[in-house]
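# Commentary on secondary and tertiary structure
Residue strings, one per chain:
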Amino acid sequence: MLYRKVPKNEDELSVLGFGCMRLPIKEDGIIDEKRATKQVRYAIDHGVNYIDTAWPYHMGESEPFLGRALADGYREKVKLATKLPSWLIKSREDMDSFLNAQLERLNTDHIDYYLVHGLAGEVWDILEPLGVTDFLDKAKADGRIVNAGFSFHGSIEDFKRIVDAYPWTFCQIQYNFMDEKHQAGTEGLKYAASKSLGIIIMEPLLGGNLANRVPSEVKEIWNEASVKRTPAEWALRWIWNHPEVTTVLSGMNEEAQIEENLKTADEAYPNSLTEAELQLVNRVEQKYRQLIKIGCTGCQYCMPCPSGVNIPECFDIYNNLHMFGNVDGSKFAYAMRMSGAFTDSEPGGFASLCTECGQCMEKCPQSLKIPDLLKAVAEELEGTDFEQRLAMIRQSLRKTKPQNNIQD
């Protein structure tokens, strides 16, 4: 296992982190605890020392599972990360209640790396006036958390202002060779590094899409490489090639995945890919782009929509559906992003809200027929069970609240 230092505290974190959002489950949907425990401990025994979870993972059961899985001395071998569920916070007191409940669930007296979960500009603008920076300061002072950070899903502009709003130790961003210009992207990666933040990477394989659903046209390009690697290896090596990256999280739930990722992590030196290999990855990215159904660049000129449609987001999920063919995953992502749960608002933003007013078409630099395209999005990603999916997601994110001092 290779390790990289967090600039502000010089912790040496394994380049591969274990993400506990997609643990192996039984037929009833419950975590297969025996198998998952063996997997987590096997990874730790082979050098992984960063374990990541969060309040809602596995319907609230990921944290309690880890509290048990990290017994027998394993807690002392790792840096444990979990997250404040930002969408459930209504008051300054809520923050302490959640953290205290998490310490109990995880069977520990401190969290090594504590993140404010799922930040975007509008979420930060809710939490900051409620006193989240005071909460982090006091939780660090009393030892309940050691390092403060945040995970992010928003625009690069909001990312930069959040980075500058508090003396964070680290941040967590979505990053892979398809997301260089999406959310924080490469610009955010370099900006965070310029502020000496440790950088944790999530979604390195785009939810598995870059490894499990590879189109034949993409496979042909990978097969041209002189050094043969699996698509997962290529995707992970591309991220680790960036010296700014500290740790890459992988949601491993198959023993073969763990073995492969451990092997790849053993070669994960920065700047280790050749120029020819980087060009190969770039060709794969371009080929995926050619498979895109809608030529939206995400420029946001069409926004805001007077009917409340999140046009770029709708098109982004629709394009992923057609690039990777993951129907269930795309429908889940669509319902999750449009559920309103992360901002404690009503569901909104979905394509079927379009009233065909035409204002977006007047602003679109790509001259897209947006109303017609939104009809196609609604047809494929909504359907008769859309409201049921929305309700299930909102319920799962709110299912487990600590009972002390939480305001409804």
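Naming follows an unreviewed UniProt entry, where the protein appears as Aldo/keto reductase of Methanosarcina spelaei.

## Thoughts on the overall build of the protein
Secondary structure assignment for the protein yields 18 helices and ten strands. Taken over the C-alpha trace, the protein has a radius of gyration of 21 Å; the compact-globule value for 408 residues is 22 Å, and the two agree within 12%. Taken along its principal axes, the extent of the C-alpha atoms in the protein is 60 × 55 × 45 Å. The buried share among the 408 residues of the protein stands at 55%. Split by element, the accessible area of the protein, about 17800 Å² in all, is 48% carbon and sulfur.

## With respect to the packing of aromatic side chains
As enumerated under the stated definition, the model contains 17 aromatic pairs in all. Taking 4.9 Å as the distance between ring centres and 80° as the angle between the ring planes, the aromatic pair formed by Tyr113 and Phe170 counts as edge-to-face. You can see Tyr113 sitting in strand E6 (residues 111–119) and its partner Phe170 sitting in strand E8 (residues 170–174), a full 57 residues away along the chain. For the pair Tyr113 and Phe170, a shared accessibility class is recorded, and that class is buried.

## A short note on the nonpolar core
With 92 residues, the main nonpolar core has Phe18, Ile51, Phe150, Phe159, Trp168, Phe177 and Tyr288 as its most contacted residues. Leave out the neighbours within four places in its chain, and Ile51 touches Phe18, Cys20, Val40, Ile44, Leu66, Val78, Lys79, Leu80 and Ala81. Within the second largest apolar cluster, 27 residues are counted, among which are Val309, Tyr334, Cys364 and Ile370.

## A short note on the environment of Ala193
With respect to the secondary-structure elements, Ala193 resides in helix H8 (residues 185–194). Residues Ala193 and Phe386, spaced 193 residues apart in sequence, show a C-alpha to C-alpha distance of 40 Å. Apart from residues lying up to four places away in sequence, Ala193 is in contact with Ile199 and Glu244.

## A few points about the environment of Gln286
Mapped onto the elements, Gln286 comes out in helix H13 (residues 275–290). Between the alpha carbons of Gln286 and Ser91 there is a distance of 46 Å; along the sequence they are 195 residues apart.

## Describing the sheet that holds strand E4 (residues 50–52)
Read once around its circumference, the closed barrel built from eight strands follows the order E3-E4-E5-E6-E7-E8-E9-E10, with strand pairing classed as parallel. For this sheet, the mean inter-axis angle between neighbouring strands, taken without regard to orientation, is 30°. As defined by bridge partners, strand E3 (residues 16–19) adjoins E4 across two bridges and the pair is classed as parallel. Residue pairing in the sheet places Phe18 in a bridge with Ile51 of E4. Docked against the sheet, helix H6 (residues 132–141) engages strand E5 (79–84), E6 and strand E7 (145–152), running at close to 150° with respect to E7.

## Quick word on the side chain of Asn261
With respect to the element layout, Asn261 can be found in helix H12 (residues 255–265). According to the relative accessible area criterion, Asn261 is buried, its value standing at 5%. A polar contact of 3.0 Å, which involves the side chain of Asn261, links it to the side chain of Ser250. Asn261 has contacts with Leu16, Leu236, Trp240, Ser250 and Met252, leaving out every residue within four places of it along the chain.

## Examining the pairing of E5
Within E5, five of the six residues are buried, which leaves the element mostly enclosed by the surrounding structure. Two elements, E4 and E5, share three bridges in a ladder whose sense is parallel. Of the residues in E5, the one forming a bridge with Tyr50 is Lys79.

## Some points on the packing of helix H14 (residues 311–324) against helix H15 (residues 327–338)
Contact pair H14 / H15: the axes reach a minimum separation of 9 Å and the direction vectors enclose 165°. Here H15 runs roughly antiparallel to H14, going by the angle between their axes. Judged by the twist between their axes, the crossing of H14 over H15 is right-handed. For the pair H14 and H15, contact is made by Glu313, Cys314, Asp316, Ile317, Asn320 and Leu321 and by Val327, Ser330, Ala333, Tyr334, Arg337 and Met338, respectively.

## Describing helix H1 (residues 33–45)
A rise of 1.5 Å per residue sets the reference length of H1, with its 13 residues, at 18 Å; its end C-alpha atoms lie 18 Å apart and thus fit the reference within 8%. When we look at burial in H1, the residues that qualify are Ala36, Thr37, Gln39, Val40, Arg41, Ala43 and Ile44. Where H1 is buried, its residues touch E3, E4, helix H3 (62–69) and H12. Remark: Gly47 follows H1 within two positions and exhibits a positive phi of approximately 110°.

## Remarks on the pattern of salt bridges
Overall, the coordinates contain 24 salt bridges when judged by the stated rule. Here Lys83 makes a salt bridge to Asp52, at a shortest N to O gap of 2.8 Å. Pair noted here: Lys83 is in strand E5 and Asp52 is in strand E4, with a separation of 31 residues, a long-range link. You can call Lys83 buried: its relative accessible area is 1%. Between Arg283 and Glu224 there is a salt bridge, and its shortest N-O distance comes to 2.8 Å. In this pair, Arg283 is assigned in helix H13 and Glu224 in the loop between helix H10 (216–222) and helix H11 (231–240), connecting sequence segments 59 residues apart.

## Quick word on the domain arrangement of the protein
Segmentation of the protein into domains returns domain 1 (3–274) and domain 2 (311–400). With centres defined by C-alpha atoms, the gap from domain 1 to domain 2 works out at 26 Å.

## Structural notes on H8
Where H8 is concerned, the buried positions are Gly185, Thr186, Gly188, Leu189, Tyr191 and Ala192. Of the residues one or two after H8, Ser196 is the one with positive phi, at around 65°.

Cut-off values and rules
- Residues numbered from 1 in each chain as written.
- Predicted model: local features only at pLDDT ≥ 70, side-chain atom pairs only at ≥ 80, totals over all residues.
- Heavy atoms only, no water.
- Helix = DSSP H or I, 4+ residues; strand = E, 2+ residues; numbered from the N terminus.
- Rg over C-alpha atoms; globule rule 2.2 N^0.38 Å.
- Buried < 20%, exposed > 50% of the residue type's maximum accessible area, 1.4 Å probe, protein only.
- Areas by Shrake-Rupley, 256 points an atom, 1.4 Å probe, with all protein chains shown as cover.
- Phe/Tyr/Trp six-rings, centres within 6.5 Å; stacked < 30°, edge-to-face > 60°.
- Core = buried A, V, L, I, M, F, W, Y, C linked by side-chain atoms within 4.5 Å.
- Contact = heavy atoms within 4.5 Å.
- Pairing = 2+ DSSP bridges.
- Axes fitted to C-alpha atoms, helices over the stretch in contact; angles between N-to-C directions.
- Polar contact = N/O pair within 3.5 Å; in protein donor to acceptor, adjacent residues only side chain to side chain.
- Parallel < 35°, antiparallel > 145°, perpendicular 65-115°, else oblique.
- Left-handed = near helix turned anticlockwise from the far one by under 90°.
- Expected span 1.5 Å × (residues − 1).
- Salt bridge = Lys/Arg side-chain N within 4 Å of Asp/Glu carboxyl O.
- Domains from an automatic or database assignment.

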